[in-house]
Amino acid sequence: MKKIIIAIDGFSSTGKSTLAKELAKKLKYVYVDTGAMYRAVTLYAMERNFINEKGFKIDLLVADLDKINLHFIFKKWKGFAEMYLNDINVEKEIRTLEVSQYVSQVSEISEVRSKLVEQQKLMGVKKGIVMDGRDIGTVVFPNAEIKFYMTASADKRALRRYKELIDRGDDVTYERVLKNVKSRDYIDSTRLDSPLIKAQDAIEFDNSDMGLEEQFERIYNLVLRYV
Ligand code: DC
């Protein structure tokens, strides 16, 4: 089988990671969740009070970028790789609503983006990779063999995210999650550097009313044409 690059972009909570994980498992590919990398940088900034409700000290974060070491370690029993920030597993900490509230502001910073994009490009050198994010098909792998662009209504996405957070035991309201989803949609798609846009050659999937199994079947059949 030929090894290819599969790029999956789209708004938050469109099921990109579930789909990417399943594809990677089926094809025995590496799965990379680039959102986790932006979330880990955000956590670093929050821990040092570079970003909080009072503001964002961009210069301090940019000056510290060399000190931020990110890597993934594959957990066989979980079937995916977990995020490590300076050798500490932060997989749980990066998924809170607090991190979600700041991550779009951190993702707007060009210096942050170039550091992460460079690392992401290296991960794809050997191909055999499924990567999800916002700029994978447009910036990280513009030559990816196949690109998907996932969408769904904001209400459906907020409900999915709300259920995930409640299942984890987080104390959140649906209204707060919906507000966060909408504000991230806005910042992610209007920022100057690498905004979330559909790559010209991406295949669009609106999964507002599509079950996971049906979606996976359709996408997997498309992928099979390229491998
Ligand atoms: O996929 P996610 O919701 O975990 O991503 C968190 C944030 O990170 C998202 O709101 C925007 C940013 N992001 C980005 O700017 N570029 C990427 N390739 C991936 C994520």
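This text follows the structure it describes.
Residues numbered from 1 in each chain as written. Predicted model: local features only at pLDDT ≥ 70, side-chain atom pairs only at ≥ 80, totals over all residues. Heavy atoms only, no water.

Draft legend 1. Quick peek at the site of the ligand. Neighbouring residues of the ligand: 17 residues in total, closest Arg 39, Arg 113, Asp 135, Asp 188 and Arg 191. Contact between the ligand and Arg 39: an oxygen atom at 2.7 Å from a side-chain N or O atom of the residue. Interatomic distance of 2.8 Å between a side-chain N/O atom of Asp 135 and a nitrogen atom of the ligand. Within the complex, the protein chains bury 96% of what would otherwise be the 450 Å² of accessible surface of the ligand. Of all the secondary-structure elements, those providing two or more residues to the shell around the ligand are α2 (34-47), α4 (97-107) and α8 (174-190). With four residues, the single largest contributor to the shell around the ligand is α2. Tallied by class, the residues present in the shell around the ligand amount to three nonpolar, six polar and eight charged. (Near = heavy atom within 4 Å. Polar contact = N/O pair within 3.5 Å; in protein donor to acceptor, adjacent residues only side chain to side chain. Areas by Shrake-Rupley, 256 points an atom, 1.4 Å probe, with all protein chains shown as cover. Helix = DSSP H or I, 4+ residues; strand = E, 2+ residues; numbered from the N terminus. Nonpolar A, V, L, I, M, F, W, Y, C, P; charged D, E, K, R; others polar.)

Draft legend 2. Representation of the pattern of salt bridges within the structure. Under the criterion given, the structure shown has 17 salt bridges. In this structure, Asp 135 engages Arg 113 in a salt bridge whose closest nitrogen and oxygen atoms are separated by 2.9 Å. Of this pair, Asp 135 sits in the loop between β8 (129-133) and α6 (136-140) while Arg 113 sits in helix α5 (residues 110-123); the two residues are 22 residues apart in sequence, bridging distant segments of the chain. Exposure remark for Asp 135: the relative accessible area of 1% places this residue in the buried category. Residue Arg 113 is classed as buried on the basis of its relative accessible area of 3%. The residue Arg 168 makes a salt bridge to Asp 170 at a minimum N-O spacing of 3.2 Å. Owing to a relative accessible area of 28%, Arg 168 belongs among the partly exposed residues under this scheme. The network of salt bridges with shared partners includes Asp 33, Glu 91 and Arg 95. (Salt bridge = Lys/Arg side-chain N within 4 Å of Asp/Glu carboxyl O. Buried < 20%, exposed > 50% of the residue type's maximum accessible area, 1.4 Å probe, protein only.)

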